[in-house]
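# What the coordinates show
Here is how the chains run, residue by residue.
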Amino acid sequence: MKLIKKVVLLWALLFTAPVVAAPSDFLVTTDWLEKNLNNPKLRLIEVSVDTGVYERGHIQGAVNFKWHTDLVDPVKRDITSKENFEKLLRQAGVNNDSTIVIYGDSNNWFAAWGAWVFDVYGVKNVKLLDGGRKKWEAEKRPLTPLATKVAAGNIKVSDANNALRARLIDVVAVANKKSDTALVDIRSPDEFTGKIFAPAGVQETAIRAGHIPGAVNVPWGQAVAEDGTFKSPEELKKVYAAVGIDGKKPIITYCRIGERSSHTWFALSKILGYNVRNYDGSWTEYGNSVGNPVINTAGTVWGGK
Amino acid sequence: MAKVNYQINSSIPAFKNFLGIVVILIIAFILNSQIENLQGGTALSLSLWLGISFGAVLQRSRFCFYCLSRDFIEIKNAKGLFGIIVALIIGTLGYHLIFGAFLIDPIAPRLPPNAHIAPVSWVLVLGSFSFGLGMAIAGSCISAQLYRLGEGLLSALIAFIGIILGFVLAFLSWNFLYLEAIQQAPLIWFPHYLGYKGSIVLQITLLIFLALLLLKFHKKQKEINKTQKWWQIKWPTYVGGILVALIATVAFLRVSPLGVTAEIGSIARTSAGYFNILPARLEGLDTLRGCLTIVKETFWSNNGLFIFGLLLGSFALATFSGDFKIQIPKIKESVRSFVGGILMGFGSMIALGCTVGTLLSGIMAASLSGWIFLIFCGAGLYLGWFLRKKYKLN
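Residues numbered from 1 in each chain as written. Chains lettered and ligands numbered in written order. Predicted model: local features only at pLDDT ≥ 70, side-chain atom pairs only at ≥ 80, totals over all residues.

### So, the nonpolar core
Membership of the largest hydrophobic core comes to 119 residues, with the highest contact counts inside it found for Met135, Phe167, Ile247, Ala248 and Met344 of chain B. The element contributing the most residues to this core is helix α4 (residues 79–102) of chain B, with 13 residues. If sequence neighbours within four positions are ignored, Met344 of chain B has contacts with Phe131, Gly134, Met135, Ala138, Cys141, Ile142, Ile163, Gly166 and Cys354 of chain B. Grouped together as the second largest cluster of nonpolar side chains are 70 residues, Ile59, Val117, Leu129 and Tyr254 of chain A included. (Core = buried A, V, L, I, M, F, W, Y, C linked by C-beta atoms within 7 Å. Buried ≥ 20, exposed ≤ 12 C-beta atoms within 10 Å, placed from the backbone. Helix = DSSP H or I, 4+ residues; strand = E, 2+ residues; numbered from the N terminus. Contact = placed C-beta atoms within 7 Å.)

### Re the packing of helix α6 (residues 142–150) of chain B against helix α11 (residues 302–321) of chain B
Residues and elements named next belong to chain B. Where α6 contacts α11, the two axes come as close as 7 Å, and the packing angle between them is 45 degrees. The angle between α6 and α11 falls in the class oblique. Between α6 and α11 the crossing geometry is right-handed. Only Ile307, Leu310, Leu311, Ser314, Phe315 and Ala318 of α11 make contact with α6, whose side of the interface consists of Leu146, Tyr147, Leu149 and Gly150. (Axes fitted to C-alpha atoms, helices over the stretch in contact; angles between N-to-C directions. Parallel < 35°, antiparallel > 145°, perpendicular 65-115°, else oblique. Left-handed = near helix turned anticlockwise from the far one by under 90°.)

### Regarding unusual backbone geometry
With an omega dihedral of 5 degrees, the bond running from Ala108 of chain B to Pro109 of chain B counts as a cis peptide bond. Examined against the element boundaries, Pro109 of chain B turns out to sit in the loop between α4 and α5 (122–138). Of note, Asn125 of chain A is a non-glycine position whose phi angle comes to about 60 degrees, a positive value. Along the chain, Asn125 of chain A turns up in the loop between α5 (105–120) and β5 (126–129).

### Let's talk about the confidence of the model for chain A
Residue and element names in this part refer to chain A. Of all residues in chain A, 92% attain a pLDDT of 70 or more, and the chain-wide mean is 90. Considering each helix and strand of chain A separately, the mean pLDDT is smallest for helix α1 (residues 2–15), with a value of 56, and largest for strand β8 (residues 251–254), with 97. The low-confidence segment residues 13–23 (pLDDT under 50) makes 16 contacts with residues lying over four places distant or belonging to another chain. (pLDDT = per-residue confidence, 0-100.)

### Considerations on the sheet that holds strand β9 (residues 276–278) of chain A
All names here are of chain A. Reading across the sheet, the 4 strands line up as β7-β6-β8-β9 and stay open at both edges, with parallel pairing between neighbours. The sheet is open, and its two borders are formed by β7 (215–217) and β9, each paired with just one other strand. With strand direction ignored, the average angle separating the axes of adjacent strands in the sheet is 30 degrees. In the sheet, β8 pairs with β9 via 3 bridges, with the strands oriented parallel. Opposite Ile251, over in β9, you have Val276 as the bridge partner. (Pairing = 2+ DSSP bridges.)

### Considering the interface of chain B and chain A
Contact residues are listed per partner, giving 8 residues for chain B and 8 residues for chain A. Those elements that provide at least two residues to the side of chain B that touches chain A are α4 and α9 (237–254) of chain B. In terms of residue class, the side of chain B that touches chain A is built from 6 nonpolar, 1 polar and 1 charged. (Nonpolar A, V, L, I, M, F, W, Y, C, P; charged D, E, K, R; others polar.)

Written out as structure tokens, the structure is:
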């Protein structure tokens, strides 16, 4: 028996591919990442907002995805097509058995949005680096300007899973009380009440201010701790329970253009396991749509009163 | 500038020579302690120190595009322009070294981040020509106005008023120019067509050809015997060229390509904004590459610190070498500086940079736009020089 055990153990050691054991199913710590950088199963992807951030210093082995060309359709407003996404992932060396870690600047906003696109196309083993670039840099961990050359991968992605994505018709149904779904608006209180149409300096805006009827306002920042990491599941539960979001009914998250809401989508669906869809049309679609109800408590009028 | 045979005197500079350097270092260290903990503090701090180094190098090696060109036109001394070619050759190598790290395969439409690869259209031709004409009329380009201001040349202040006005005029024409030409204009980056190796070969061949051409026209200069102390002697322009290329390479690697007009333009855009004289939207401006002007949101910016550093560095070495001298402009010179400034401001705004941002950083980046700027800025400069001579405007 002993011999059999030994053989089995040896066999297991020899023939099991190096397994990336992540501390959580959906998040990895900076510490874990640094220790696992050389793991051949790991594929690291940076999705940052600012240009030149990746090139001037990224985590060793990371490849760069540009949110505004790689992950979207550059002509119509939509996420990238299945074919282009599969091609992108293969070029980035992603295999069917890869463990993918995504990170980025600005508190992982676009990294979380990337994670949502990965999820829509059914890619497994996708995790966020908790705290993103901000924490990695704050901890003075190493960065390199050398781009990563990778061998092409073999991943096959699934058809888009629209159950993760809310469309205008879905939120209009909630606004008209025809759907029992909770809406979480993660924009700033001033955008929510309608005092402003959009934060200063942004290009994309809507010609109506306010929010979708039935939405509660939980700015995205309430989901993160001081160091940029997600709050613990217990704390997150408390934050959202305080406004009646407890996971008992389906949830839709939205923001202005759909990217910061992915951050909250990630917290609610991945960390808390709730049933959540991200409305990527967000306020720039809803606030521009014709004939749908809006709540504007601030009374701001487009073009002036 | 005739050839000077120096007799090097090995004495030590007097205490007062060091005063400027000491004061500037104190200011720089205090400023550095204020900015390094801000968001993006590393880039801010690097910009300051790179600016100081750039100013010091420009001052010591008299790296003034107009003065060097005039030496060539008037007395057939090609050594100065040769220094610029040295900068471009070494910068080309430095840039391509970094391109290989940033972007392994130069496959279109991918471009290296923030490299000054500007759209090629008649607007670039117009901007380059206007800039060249302006720098000849004003007596030096924008970077040289800056380092000469550090030497005490007060007419530079008048030039800057003109430059800001030129920027405002360019903003007012921007939407027309953008929609008429820039929006459809191609970005031509040699590595897309030739790969990195081919791009290096093409660039260096062109630059060596230019150097040989200069050599053909170069005339041996009259020799003057002169005694100067070692700290008074100007560095040869090729030494300046080598150092400029190193600063340009480091700046591209760590912060962004060299340029001196982004901050000036931002100041122009922000202040013009207060008077509500600009169009509400400058179409497409924020999506282009080059010395772009943004509306100022934070007091300290990378480019602002770079320019401030340039002034500090030039002042420090000008006082050290005894070049510092307050020069109050006469009326004629003031008018020239002002008019030249307007032409330079207008030209550098629509060409998305000047002799530093579009010529140096553009050619080093193997962008066709840099070469176009070189040709038409040169043509404008020649016309300006000719007009000055003909109408005795000096």
